[in-house]
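Inside the fold
One-letter residues, chain by chain:
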Amino acid sequence: MARPVREKRKIGRWILLILVLGLIGWKIVPSLFDSSNDTEIQIAQTEGMSGEIDAAVQDDENEEITQPEPVQENLANAITEDDEQTDTDSSDAAWWDPRPWLRRTFVVETIYINGALSVPEDTVRLSLDSVEGTPMIDVSLHEIAARIQHHPRIERAIVRRRLPKALVVQIYERREEALIVHDDDLFGLDADGVVMSMPPAGWPLDVPIITGFSGELVPGDTIGEPQLATALDWILEAGNLPRVSDWISEIHMVTDGIELIGGPGACRVIPGEHSAVLQVSALDAFLEERGSVFEPGSEIDLSFPKFLIVRNGSNG
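Given the structure is predicted, the values throughout are model-derived calculations rather than measurements. (Residues numbered from 1 in each chain as written. Predicted model: local features only at pLDDT ≥ 70, side-chain atom pairs only at ≥ 80, totals over all residues. Heavy atoms only, no water.)

1. Comments concerning the sheet that holds strand S2 (residues 154-162)
Strand order in the open sheet formed by three strands is S1-S3-S2, with mixed pairing between adjacent strands. Because the sheet does not close on itself, it has two edges, and the strands there are strand S1 (110-114) and S2. Averaged over all neighbouring strand pairs, the angle between strand axes comes to 20°, with direction disregarded. Where S1 and strand S3 (residues 166-173) come together, five bridges link them in parallel fashion. Residue pairing across strands places Ile-113 opposite Val-169, the latter belonging to S3. Relative to the sheet, helix H5 (residues 141-148) contacts S2 and S3, its axis offset from that of S2 by approximately 150°. (Pairing = 2+ DSSP bridges. Helix = DSSP H or I, 4+ residues; strand = E, 2+ residues; numbered from the N terminus. Axes fitted to C-alpha atoms, helices over the stretch in contact; angles between N-to-C directions. Contact = heavy atoms within 4.5 Å.)

2. Section: unusual backbone geometry
Residue Pro-164 is reached from Leu-163 by a cis peptide bond, and omega for that bond is 15°. With respect to the element layout, Pro-164 can be found in the loop between S2 and S3. For Asp-184, which is not a glycine, the phi torsion comes out positive at approximately 65°. Its location among the elements puts Asp-184 in the loop between strand S4 (178-182) and strand S5 (185-189). In this structure Asp-184 comes out as exposed when scored by relative accessible area, which is 80%. Phi angles above zero are rare outside glycine, and Ala-266 is one such case at about 55°. Within the secondary structure, Ala-266 is located in the loop between strand S9 (257-262) and strand S10 (267-270). (Buried < 20%, exposed > 50% of the residue type's maximum accessible area, 1.4 Å probe, protein only.)

3. A look at helix H6 (residues 226-238)
In this model H6 runs 18 Å from its N-terminal to its C-terminal C-alpha over 13 residues, within 8% of the 18 Å that 1.5 Å per residue would give. Burial in H6 covers these residues: Leu-228, Ala-231, Leu-232, Trp-234, Ile-235 and Ala-238. Buried residues in H6, looked at end-on, bunch into an arc of 160°, giving them a common side. (Expected span 1.5 Å × (residues − 1). Arc of directions from axis to C-beta.)

4. A look at the packing of aromatic side chains
Taken as a whole and assessed by the stated rule, the structure comprises three aromatic pairs. Taken together, a centroid distance of 6.0 Å and an interplanar angle of 65° make the contact between Trp-247 and Phe-294 edge-to-face. One end of the pair, Trp-247, is in helix H7 (residues 242-247); the other, Phe-294, is in the loop between helix H8 (276-290) and strand S11 (299-301), with 47 residues separating them in the sequence. For the residue pair Trp-247 and Phe-294, the accessibility class agrees, reading buried in each case. Through successive ring pairs, a cluster of aromatic residues spans Trp-247, Phe-286 and Phe-294. Taking the ring centre of Tyr-172 as reference, the NZ or CZ of Arg-156 above it sits at 4.5 Å. (Phe/Tyr/Trp six-rings, centres within 6.5 Å; stacked < 30°, edge-to-face > 60°. Lys NZ or Arg CZ within 6 Å of the ring centre and 35° of its normal.)

5. Points about the nonpolar core
Nonpolar side chains tend to gather and get buried jointly when the protein is soluble and globular. By size, the foremost hydrophobic cluster in this structure holds 32 residues, and its most contacted members are Ile-210, Trp-234, Trp-247, Ile-251 and Ile-300. If one sorts the elements of this core by residue count, H6 sits on top with six residues. If we ignore the near neighbours within four places in the chain, the residues touching Trp-247 are Gly-262, Gly-263, Cys-267, Val-269, Leu-283, Leu-287, Ser-292, Phe-294 and Ile-300. Of all hydrophobic cores here, the second largest spans 19 residues; its members include Leu-128, Val-139, Ile-144 and Leu-167. (Core = buried A, V, L, I, M, F, W, Y, C linked by side-chain atoms within 4.5 Å.)

6. Observations regarding the sheet that holds strand S12 (residues 309-311)
One open sheet holds the nine strands; their spatial order is S6-S5-S4-S7-S8-S9-S10-S11-S12, and the pairing between them is mixed. One side of each edge strand has no neighbouring strand; the edge strands of this open sheet are strand S6 (195-196) and S12. Alignment of strand S7 (residues 209-211) against strand S8 (residues 248-254), held across three bridges, turns out to be parallel. The residue bridging Ile-209 from the neighbouring strand is Glu-250, located in S8. In this fold H6 packs onto S4, S5, S7, S8 and S9, with an angle of close to 160° to the strand it touches most, S8.

7. Remarks on the side chain of Thr-211
Of note, Thr-211 is situated in strand S7. Take Thr-211: its relative accessible area is 15%, and that puts it in the buried class. For Thr-211, the residues in contact, after removing those within four places along its chain, are Val-181, Glu-250, Ile-251, His-252 and Met-253.

8. Remarks on the pairing of S10
Only one face of S10 is covered, namely the one carrying Cys-267 and Val-269; the face carrying Arg-268 and Ile-270 has none of its residues buried. Relative to S10, S9 runs antiparallel, the two being bridged by three bridges. In the sheet register, Ile-261 faces S10, and the bridge partner there is Arg-268. Between S9 and S10, which follow one another and run antiparallel, lie four residues, and Gly-263 among them has a positive phi close to 80°. One ladder, built from three bridges, connects S10 with S11; its direction is parallel.

9. Side note on the pairing of S2
Here S2 pairs with S3 via eight bridges, running antiparallel. Within S3, the residue paired with Arg-156 across the bridge is Tyr-172. Connecting the antiparallel pair S2 and S3 is a turn made up of three residues.

See below:
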């Protein structure tokens, strides 16, 4: 009894498979024929158009080729639309740009100046008049500092922003290491050899005086004369030994170099050509042993590296 049932099931499956294949064939085969027909129609249309194109080319061989006006109008309209779109984009970008708001909100109204001692504060403010009212975002701190440092007595300036509406200027002034007497005027000389203008009245100074210099001095310039360079070198080295720096009161320019004058009796010191460090050390040791008071007209010769020569005024 099992075999007839299985045979019937097999026959049913074959019938179902044939029906499915028939249905698929009924859907696919007509579409194949339709596409081939479309292809044949397109080929026929192309062949017909080729003849028309050949005829049109022959008719237009003797005519000038010009761009149709409608195309030019379309291009103009397209350009106008692009411009309008660009304007719209730029307005959108401006809406997101915070700089206009920053320029309106943060504007320089106050300038604080610190460290101006020998330079009047009003002098510094004269160089900063154009900064007031400027938006913070447009302020160049480097440019302002360079403008302030142009003054001969100012070594360095640091400028900072203090939001919302202030600038803080910190000034570091040059310090005189010596004063140069020149044509009845006084010029300062700092450790870098920069010439400074006359210090203000009442400015406290306890530095050596350089006399006898006949060259040109321009505030803000750096000295280049060998005599002044030697004198400055001596002054800086003597500054490391208080006994010597307090004893020397004047450095005088002579034909072949410099002379130092020190002590109550105006003792002359003749420097040598060897290291100023060794000469200052030798003089310091001698003053410690001998004392700082000499007879008027006395002379100390430092020309020799390993010893010094003392000539008392009483011995001529």
